[in-house]
Amino acid sequence: MIFSGLNNQVMLEVQGVPSLIAEMEVRMATIEWCAQTESWKEDLEGGVITADTALVEISPDTGVIHRFSYVGIDGVPLEPSQPIRKSAAGKPTHYWVRNTGEIKVWKVPAVDTDIEIEAVLKPKVTDRSAPDFIFDRDADAIVHGAVARLKRQKDTSWMDMSGSAAHYAEFTNAAHKAKRRNKNLSGVRMEVKPREYGF
């Protein structure tokens, strides 16, 4: 969905704001929303550690990486820390982020090795849109975030600090709930009910 799709809702709350400024703040509120709630996660394909190197460069098709939520090999997660040891050959056991989109591993594999990566994503500051599912569930919260950002802009006819605080409280409350919801959905939880007679 394009960010300007929420302009009407924002501009109802903030009288006199130009549509381009409203769109910009919807974008910034969506970026903050994705960072706080981790609502946008994707498995990033194509990660390969080339033999005799320790560096993996990853770039998502859309958005930008906020953080890596899982890095593993053959279903075994790597430790997210940089060991204080000399370089060694073998199957990687640790990883650390060198730059956004660059992962370095320890140990260094002797053969090309597939690496499994799940990342939390957020829109780029130059994007005009974000995935629909973000807005399908949480458009109202993002509107609150955009309105809060607008109402704290100084030297504007729509500045309203108390109004900004109220909308930002709505935004952060919704973000806390969404983060809890997303954590509950991130893993499969199985409930085993005891049988009536114990067998």
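Relevant structure appears above.
Residues numbered from 1 in each chain as written. Predicted model: local features only at pLDDT ≥ 70, side-chain atom pairs only at ≥ 80, totals over all residues. Heavy atoms only, no water.

Visitor: Sorry, what's going on with the overall build of the protein here?
Guide: Along the backbone of the protein there are four helices and nine strands. For the protein, the succession of helices and strands along the chain, N to C, is α-α-β-β-β-β-β-β-β-β-β-α-α. Computed over C-alpha atoms, the radius of gyration of the protein comes to 22 Å, more than 25% over the 16 Å expected from 2.2 N^0.38 for 199 residues, which places it beyond the range of a compact globule. Sequence-distant contacts, at least 24 apart, represent 68% of the contacts inside the protein between residues at least 6 apart. For the protein, the accessible area works out to roughly 12,000 Å², and carbon and sulfur atoms hold 51% of it. Taking the 25 positively charged and 28 negatively charged side chains of the protein as two groups, their mean positions are separated by 7 Å. (Helix = DSSP H or I, 4+ residues; strand = E, 2+ residues; numbered from the N terminus. Rg over C-alpha atoms; globule rule 2.2 N^0.38 Å. Contact = heavy atoms within 4.5 Å. Areas by Shrake-Rupley, 256 points an atom, 1.4 Å probe, with all protein chains shown as cover. Lys, Arg positive; Asp, Glu negative; His and termini not counted. Charge placed at Lys NZ, Arg CZ, Asp CG, Glu CD.)

Visitor: Just to check I follow, could you spell out the pattern of salt bridges for this structure?
Guide: According to the stated counting rule, one finds nine salt bridges in the structure shown. R98 serves as the salt-bridge partner of E102, at 3.3 Å between the closest nitrogen and oxygen. Judged by relative accessible area, which is 16%, E102 ranks as buried. (Salt bridge = Lys/Arg side-chain N within 4 Å of Asp/Glu carboxyl O. Buried < 20%, exposed > 50% of the residue type's maximum accessible area, 1.4 Å probe, protein only.)

Visitor: Help me out: how do you make sense of helix α2 (residues 19–37) in this one?
Guide: An α-helix turns once per 3.6 residues; consequently, residues spaced three or four apart project the same way. Here α2 contains 19 residues, and its C-alpha end-to-end distance of 26 Å stays within 8% of the 27 Å for a straight helix at 1.5 Å per residue. Immediately downstream of α2, the backbone of E38 shows phi near 55°, a positive value. (Expected span 1.5 Å × (residues − 1).)

Visitor: Mind showing me how you'd approach the packing of α2 against helix α3 (residues 132–151) here?
Guide: When two helices pack together, their arrangement is given by the angle between the helix axes and by the axis-to-axis distance. The N-to-C vectors of α2 and α3 enclose an angle of 115°; their axes lie 8 Å apart at closest approach. The crossing of α2 and α3 is right-handed. Across the interface between the two elements, I21, A22, E25, V26, M28, A29, T30, E32, W33 and C34 from α2 touch I134, F135, D138, A141, I142, G145, A146, R149 and L150 from α3. Partitioned by chemical class, the residues of the contact of α2 with α3 number 13 nonpolar, two polar and four charged. (Axes fitted to C-alpha atoms, helices over the stretch in contact; angles between N-to-C directions. Left-handed = near helix turned anticlockwise from the far one by under 90°. Nonpolar A, V, L, I, M, F, W, Y, C, P; charged D, E, K, R; others polar.)

Visitor: Can you help me understand the side chain of H94 in this one?
Guide: Along the chain, the position of H94 falls in strand β6 (residues 94–99). Residue classification places H94 among the buried residues on the basis of a relative accessible area of 13%. A polar contact is formed between the side chain of H94 and the side chain of T93, at a distance of 2.8 Å. Among residues more than four places away in sequence, those in contact with H94 are L78, E79, S81, P83, R85, K104, V105 and W106. (Polar contact = N/O pair within 3.5 Å; in protein donor to acceptor, adjacent residues only side chain to side chain.)

Visitor: What exactly am I supposed to notice about a negative patch on the surface here?
Guide: Together, D43, E45, D61, D112, D114 and E116 make up a negatively charged patch on the protein surface. Structurally, D114 is set in strand β8 (residues 113–114). (Patch = residues over 30% accessible without salt bridge, like charges linked within 9 Å, V, L, I, M, F, W, Y side chains within 5 Å.)

Visitor: What exactly am I supposed to notice about α3 here?
Guide: Of all the bends found along α3, the most pronounced is centred on D138 and spans about 85°. When you tally the buried positions in α3, you get 14 out of 20 residues, the bulk of the element. (Bend = angle between axes of the 7 residues up to and from the residue.)

Visitor: How do you make sense of the sheet that holds strand β7 (residues 102–106) when you look at a structure like this?
Guide: Remark on secondary structure: sheet strands pair via backbone hydrogen bonds, oriented parallel or antiparallel. Read across the sheet, three strands follow the order β3-β7-β6 without closing on themselves; strand pairing throughout is antiparallel. The sheet is open, and its two borders are formed by β3 (55–57) and β6, each paired with just one other strand. Each neighbouring strand pair of the sheet contributes to a mean axis angle of 30°, computed without reference to strand direction. (Pairing = 2+ DSSP bridges.)

Visitor: Explanation requested: the sheet that holds strand β4 (residues 64–73) in the structure shown.
Guide: Read from one edge of the open sheet, four strands run β1-β9-β4-β5, paired in antiparallel fashion. Looking along the sheet, the strands with just one partner apiece sit at the ends: β1 (41–44) and β5 (76–77).

Visitor: What am I meant to see in the environment of S129 here?
Guide: Tracing the chain through its elements places S129 in the loop between β9 (116–122) and α3. Looking at S129, the relative accessible area reads 35%, which means it is partly exposed. Spatially, the C-alpha atom of S129 lies 16 Å from that of Q9, the residues being 120 residues apart in sequence. When neighbours within four sequence positions are excluded, S129 is seen to be in contact with M1, I2 and F3.

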